[in-house]
Amino acid sequence: KEEAKRKYFDLAEIDRAKTEFMTVTSHQLQTPLSELRWAINSVLEEKQWNQDVENILKKSGESVAKLVGIVRSLIQTSQLEKPELEYKRAPIDVSHTIDSILKDLKNLIAQKGVAVSFQAVGGEFVVNGDPERLRNAILNVIDNAIKYSPGGKVKISLVKEQNGVKAVVSDTGIGIPPQEQPQIFTKFFRASNAIKLDPNETGVGLFIAKNIIEKHRGTIDFV
């Protein structure tokens, strides 16, 4: 028992050290990456480059934007695991939130060639919660569906229920191998077919969504 206890604390310390390293490194990367992204966009705005140079700058800007997104996801992950983290409480219209998210994702939708439909049935869809974090949770789920449904369809629906709001996101995407499905909400997990389609993601989006939704006394499932 003493040996098992010692190994448990050793593993807990390793996990704590990894989390601290990830947090510190992510914060250190955030500022220079944001500055680099701003610099590339500023240079592009001058509009005095030939097509080859402009294409290189645009590709560089896209790569930096991906890195910024990865760093933000890692920072969010480390923040959510802090027991002292406080959540704000305010009325949130989930329907309006999804409309806003779809506007923000219009470039991704066009890039992936996805047909997205959104239907809300049953009146107002207002819940109490942290507006920014709950929006981020919903964004992660919708973004995930679009990203892995190239040339397919994504359907989003809202249903008013007695104790809250039920949101369903379905897609015609690549799916997840049956043996890997139990891990879908695990931190850093990525399905084998998802890695082949896009090897540059972090695997924390659905982990973050689950954490936030459960902190709002909600549930999230995969079928």
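Please read all numbers here as calculations on a predicted model, not as lab measurements.

The rules behind each value
- Residues numbered from 1 in each chain as written.
- Predicted model: local features only at pLDDT ≥ 70, side-chain atom pairs only at ≥ 80, totals over all residues.
- Heavy atoms only, no water.
- Helix = DSSP H or I, 4+ residues; strand = E, 2+ residues; numbered from the N terminus.
- Buried < 20%, exposed > 50% of the residue type's maximum accessible area, 1.4 Å probe, protein only.
- Contact = heavy atoms within 4.5 Å.
- Axes fitted to C-alpha atoms, helices over the stretch in contact; angles between N-to-C directions.
- Parallel < 35°, antiparallel > 145°, perpendicular 65-115°, else oblique.
- Left-handed = near helix turned anticlockwise from the far one by under 90°.
- Nonpolar A, V, L, I, M, F, W, Y, C, P; charged D, E, K, R; others polar.
- Core = buried A, V, L, I, M, F, W, Y, C linked by side-chain atoms within 4.5 Å.
- Pairing = 2+ DSSP bridges.
- Polar contact = N/O pair within 3.5 Å; in protein donor to acceptor, adjacent residues only side chain to side chain.

> Where do I start with the overall build of the protein in this structure?
Scanning the protein from N- to C-terminus turns up seven helices and five strands. Mapped from its N terminus to its C terminus, the protein presents α and β elements in the order α-α-β-α-α-β-β-α-β-β-α-α. Put simply, the protein has 223 residues, and 33% of those count as buried. Across the protein, contacts joining residues at least 24 apart in sequence account for 69% of those joining residues at least 6 apart.

> What's the story with the packing of helix H3 (residues 94-104) against helix H5 (residues 131-147) in this structure? I'm lost.
If you want to describe how two helices pack, look at the angle between their axes and the distance between the axes. Interaxial distance between H3 and H5 falls to 10 Å at its minimum, and their mutual angle equals 55°. Accordingly, the angle class assigned to the pair H3 and H5 is oblique. Crossing angle aside, the handedness with which H3 passes H5 is right-handed. The residues of H5 that touch H3, namely those facing Val94, Thr97, Ile98, Ser100, Ile101, Leu102 and Asp104, are Arg135, Ile138, Leu139 and Ile142. For the contact of H3 with H5, a count of residues per class yields seven nonpolar, two polar and two charged.

> Whenever I open this one, the side chain of Ser157 confuses me. Can you help?
Relative to the helices and strands, Ser157 resides in strand S4 (residues 153-161). The contact partners of Ser157, leaving out residues within four places of it in the chain, are Gln119, Lys166, Ala167 and Val168.

> Sorry if this is basic, but what is going on with the nonpolar core here?
Generally speaking, soluble globular proteins have nonpolar side chains that are buried together. Val94, Ile98, Leu105, Ile142, Ile146 and Ile212 are the most contacted members of the largest nonpolar core, which totals 38 residues. The element that contributes the greatest number of residues to this core is H5, accounting for seven residues. The residues touching Ile142, leaving out its near neighbours within four places in the chain, are Ile98, Ile101, Leu102, Leu105, Ile156 and Val169. Counting residues in each nonpolar core, the second largest holds six residues, with Ile40, Val64, Val68 and Val71 among its members.

> Is there a simple way to explain helix H7 (residues 205-215) in this structure?
Residue pairs spaced three or four apart in an α-helix point in one direction, given the helix's 3.6 residues per turn. Taken together, the buried positions of H7 are Leu206, Phe207, Ile208, Ala209, Asn211, Ile212 and Ile213. Packed against the buried residues of H7 are helix H2 (51-80) and H5. Looking one or two residues beyond H7, the residue adopting positive phi is Arg217, at roughly 60°.

> Sorry if this is basic, but what is going on with the pairing of S4 here?
Regular strands place their side chains on alternate faces of the sheet. With seven bridges joining them, strand S2 (residues 115-121) and S4 adopt parallel strand pairing. Each residue of the ladder has a partner; that of Gln119, found in S4, is Ser157. One ladder, built from eight bridges, connects S4 with strand S5 (residues 164-171); its direction is antiparallel. Bridging across to S5, Glu161 finds its partner in Gly164.

> Would you mind going over the environment of Ser78 with me for this structure?
Topologically, Ser78 is positioned in helix H2. The buried category is assigned to Ser78, whose relative accessible area is 3%. A sequence separation of 130 residues divides Ser78 from Ile208, and the C-alpha atoms of the two residues are 9.8 Å apart.

> I'm lost on the side chain of Thr97 in this one. Help?
Mapped onto the elements, Thr97 comes out in helix H3. The class for Thr97 is buried, based on a relative accessible area of 13%. Here the side chain of Thr97 touches Asp93 through a polar contact of 3.0 Å, landing on its backbone oxygen. In contact with Thr97, other than residues within four places in its own chain, are Ile92, Arg135 and Ile138.

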